[in-house]
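# Reading the structure
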Amino acid sequence: MSNLKPQFHTQESAEQRVARLYASPGGPLVGWLYDECRRRGQEYRQMADELGVTYGYINQLRSGVRLVRQISDEFAVNCARYLGVPPVVVKMIAGRIPMSDFVHPREPLEDAVNRAMAQMLDDPVARHVLPADMSQLSLEAKQSLVAMYLECSGRDLLGARQLPELVRWLQRAATIHDESCAEAVRGHRDLAEVD
């Protein structure tokens, strides 16, 4: 069955796709990888080859034998290349960079999510489609609803519009870090050559 070339999903809205990917076995990263595989008309083993792993490894992620949030940096980079996104996106989708990292440290994640949920209920369209009693939902379910709402509405309930500047700052910091590491390695080589 893994060598079959499955058909790509029929037309679906962005909301439906997000919900489907979050409900995918193995979570949204694995679901997204399978979607991309189908979009390309590839066999699952071809996808695994491009990701630099075995199809068995992908199946372990999908079944939960291996935890997606524990993927290696190398695998995250390979996934990013395959999906056409920056590695940080893969790490976020995999749960290696949690939503709590983007919430102000003085505000607990649950408080930020509940605040965003309350603001969602102020939107008459959202209120109409949200469950009547959301108090019984898990934090993860609430986070997913908030993420879908933010994607669909374009509203900035968590200060996400500040993220592009934060991401640019992190990108500069990563570049400086990489240059510093490269300089340190060159320095070590120079020292080794002197000995």
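Just so you know, these numbers come straight off a predicted model, no measurement behind them.

### Details of the pattern of salt bridges
In this structure the tally under the stated criterion is seven salt bridges. The salt bridge partner of D35 is R38, with a shortest N-O separation of 3.1 Å. Linking D35 with R38, this pair stays in helix α2 (residues 28-40), spanning three residues, or about one helical turn. As far as burial versus exposure is concerned, D35 and R38 are alike and both buried. A salt bridge links D73 to K91, with the shortest nitrogen-to-oxygen separation between them at 3.5 Å.

### Side note on the nonpolar core
Grouped together as the largest cluster of nonpolar side chains are 27 residues, with contacts concentrated most on L33, M47, L51, I58, I71, F75 and V90. Listed by contribution, the elements that provide at least two residues to this core are α2, α3 (44-51), α4 (55-63), α5 (73-83) and α6 (87-94). Those residues in contact with I58 that sit more than four places away from it in its chain are Y34, M47, A48, L51, V53 and F75.

### A look at the environment of G64
Along the chain, the position of G64 falls in the loop between α4 and α5. Overall, G64 belongs to the partly exposed group, its relative accessible area being 42%. Taking C-alpha positions, G64 is 9.2 Å from G27, a pair spaced 37 residues apart along the chain.

### Some points on the packing of aromatic side chains
In the structure shown here, the tally under the stated rule is three aromatic pairs. Residues Y34 and Y44 carry aromatic rings whose centres are separated by 4.7 Å and whose planes lie at 55° to one another, so their mutual orientation is tilted. Separated by 10 residues along the polypeptide, Y34 in helix α2 and Y44 in helix α3 bring together distant segments of the chain. Exposure class is identical for Y34 and Y44. Each is buried. The class for Y44 is buried, based on a relative accessible area of 11%. Pairwise contacts between aromatic rings join Y34, Y44 and Y55 into one cluster. The side chain of R40 reaches across the aromatic face of Y82, ending 3.9 Å from its centre. The ring of Y34 has R62 lying over it, and the distance from NZ or CZ to the ring centre is 4.4 Å.

### Some points on the packing of α2 against α6
Across the interface, α2 lies against α6 with an axial gap of 7 Å and an inter-helix angle of 125°. Between α2 and α6, the angle is such that the two are oblique. Contacts between α2 and α6 involve P28, L29 and W32 from the former and V89, V90, I93 and A94 from the latter. Of the residues assigned to the contact of α2 with α6, the class counts are seven nonpolar, no polar and no charged.

Parameters and conventions
Residues numbered from 1 in each chain as written. Predicted model: local features only at pLDDT ≥ 70, side-chain atom pairs only at ≥ 80, totals over all residues. Heavy atoms only, no water. Salt bridge = Lys/Arg side-chain N within 4 Å of Asp/Glu carboxyl O. Helix = DSSP H or I, 4+ residues; strand = E, 2+ residues; numbered from the N terminus. Buried < 20%, exposed > 50% of the residue type's maximum accessible area, 1.4 Å probe, protein only. Core = buried A, V, L, I, M, F, W, Y, C linked by side-chain atoms within 4.5 Å. Contact = heavy atoms within 4.5 Å. Phe/Tyr/Trp six-rings, centres within 6.5 Å; stacked < 30°, edge-to-face > 60°. Lys NZ or Arg CZ within 6 Å of the ring centre and 35° of its normal. Axes fitted to C-alpha atoms, helices over the stretch in contact; angles between N-to-C directions. Parallel < 35°, antiparallel > 145°, perpendicular 65-115°, else oblique. Nonpolar A, V, L, I, M, F, W, Y, C, P; charged D, E, K, R; others polar.

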